[in-house]
Structures are given as structure tokens and as C-alpha cells.
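Architecture and fold: a report
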Amino acid sequence: MSDFQVYKGSGLLKPFDGEDLTKQPQDYIPSKGLVNAVNVAISLGQPLLLTGEPGTGKSHLAYSVAHELEMGDPLIFRTKTTSVSRDLFYVYDALSHFRAVQADKNANINSYIRMGPLGQAIRSNERRVVLIDEIDKAPRDLPNDMLNEIE
């Protein structure tokens with residue numbers, strides 16, 4: 001295998017000043033293994049799914065990759081106990097749409113669909129980082145349903 005590397009994760013090598021790394025993503029220095037995992041995912045065009053204990057830097061990695069590769073801020077999905085995999089792609093406000101139809105107002109369905117982070121990433125003309133945060137708080141079926149949808 002060649003030394004192909006897109007993400008270097010080199011940081012600025014300056015001391016951490018206590019700021020949240022989401023505000024200073026250039027200061028995050030990942031392990032060599034994480035750098036390799038990011039580059040493999042990028043070269044294969046596949047998602048990178050990270051697990052780990054809270055506070056181990058999973059979210060910081062997303063901000064670091066997005067910053068270094070100039071992808072804009074990560075698109076964030078904060079998982080809740082009521083989340084379903086479809087929410088990653090879009091949320092349809094059926095009740096508001098129904099009320100608009102009943103009131104003879106603008107009933108264009110597109111006005112009642114809000115794109116989720118994966119939907120925004122798919123529709124974007126550029127590569128984006130999507131951070132699915134707090135997935136451990138999701139219903140049991142969400143991770144498997146999410147993987148099925150991504151596939």
C-alpha cells in the first residue's frame with residue numbers, strides 16, 4: 001500500500017488551552033490509527049463509524065477532519081430516545097401540512113420537509129462530515145436501521 005494520505009491530523013502542536021476543540025479543531029491531534037482509519041474511509045468512499053467511551057474525542061475528530069479538509073462545519077445529528085433512522089435524512093411535518101391543506105394555504109409538500117444531516121450531505125455538491133452524536137441514547141433498533149439506510 002502506498003503512503004496515500006488525505007487527512008494528516010497534525011494539529012498545530014501547541015498546548016491545549018482549555019477551549020472546546022470544536023472551536024479550535026486545528027488543535028486536535030488524533031492517534032496514527034485514527035488518521036489511517038479516516039484516510040481508508042475517504043479512499044473507499046465509505047462512512048467511518050467510531051465507538052468509544054464519552055470524552056475520548058470522537059466528536060473532536062469530526063471537527064478536525066472537517067476543518068483540515070475544508071468541508072465546513074460538521075452536520076450534526078443529536079440522537080434522542082425518540083429518534084428513528086429516517087430523521088437522519090429528513091423530517092416531514094405532516095400535521096402542519098394537513099392544517100395548511102385544510103385552510104387552503106400553500107400545501108406544497110416541500111415546505112413541510114426539513115432535511116436532516118445525512119439528507120443535507122447527500123444533496124450537497126461537496127463532501128461533508130456528518131456527526132451522529134449520542135447514539136447510545138437512541139432506541140435499540142436505530143443503529144441497525146441507520147446502517148440499512150446508509151447502505
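Note that the structure is predicted; figures quoted are calculated from it, not measured. (Residues numbered from 1 in each chain as written. Predicted model: local features only at pLDDT ≥ 70, side-chain atom pairs only at ≥ 80, totals over all residues. Heavy atoms only, no water.)

1. Observations concerning the nonpolar core
The line we're drawing: Grouping buried Ala, Val, Leu, Ile, Met, Phe, Trp, Tyr and Cys residues that are joined through side-chain atoms within 4.5 Å yields what is termed a nonpolar core. Burial status follows relative accessibility: with a 1.4 Å probe on protein chains alone, a residue under 20% of its type maximum counts as buried, one over 50% as exposed, and anything between as partly exposed. The way it works is that DSSP assigns letters per residue, a run of H or I at least four long becomes a helix, a run of E at least two long becomes a strand, and they are numbered from the N terminus. We call two residues in contact whenever any of their non-hydrogen atoms come within 4.5 Å of each other.
In terms of nonpolar packing, the biggest core is built from 13 residues, with Tyr 7, Val 38, Leu 61, Val 65 and Val 129 touching the most fellow members. A per-element tally of this core places helix H2 (residues 58-68) first, with five residues. If sequence neighbours within four positions are ignored, Val 38 has contacts with Tyr 7, Leu 48, Leu 61 and Val 65. In this structure, Phe 77, Phe 89, Leu 118 and Met 146 belong to the second largest nonpolar core, which totals five residues.

2. Observations concerning H2
Residue pairs spaced three or four apart in an α-helix point in one direction, given the helix's 3.6 residues per turn. Listing the buried residues of H2 in full gives Ser 59, Leu 61, Ala 62, Tyr 63, Ser 64, Val 65 and Ala 66. Looking at the buried side of H2, the elements it contacts are helix H1 (32-44), strand S1 (75-78) and strand S4 (130-133). Of the residues flanking the end of H2, it is Glu 70, one or two places downstream, whose phi is positive at about 50 degrees.

3. Topic: the pairing of S1
For clarity, the threshold we go by: Strand pairing is assigned whenever DSSP identifies at least 2 bridges connecting the two strands.
Burial along S1 is one-sided: Leu 75 and Phe 77 are buried, while Ile 76 and Arg 78, pointing the other way, are not. Sheet topology places S1 next to S4; four bridges connect them, and they run parallel. Along S4, the bridge assignment pairs Phe 77 with Ile 132.

4. What about the environment of Arg 128?
Rules: Here a polar contact is recorded for every N or O atom pair within 3.5 Å, except that within protein the pair must consist of a potential hydrogen donor and a potential acceptor, and residues adjacent in sequence are included only if both atoms are side-chain atoms.
By the element assignment, Arg 128 lies in the loop between helix H4 (117-123) and S4. For Arg 128 and Glu 70, which are 58 residues apart along the polypeptide, the C-alpha to C-alpha distance reads 9.2 Å. Each residue touching Arg 128, except ones within four places of it in the same chain, is listed here: Met 71, Gly 72, Asp 73, Leu 75 and Ala 121. At 2.6 Å, the side chain of Arg 128 and the backbone oxygen of Asp 73 are in polar contact.

5. Some details on unusual backbone geometry
Backbone geometry places Glu 70, a non-glycine residue, at a positive phi of 50 degrees. Take Glu 70: it is sitting in the loop between H2 and S1. For Glu 70, a relative accessible area of 70% puts it in the exposed group. Backbone geometry places Glu 134, a non-glycine residue, at a positive phi of 60 degrees. With respect to the secondary-structure elements, Glu 134 resides in the loop between S4 and helix H5 (142-150). Residue Glu 134 is classed as partly exposed on the basis of its relative accessible area of 34%.

These values are about where atoms sit, not about what they do.
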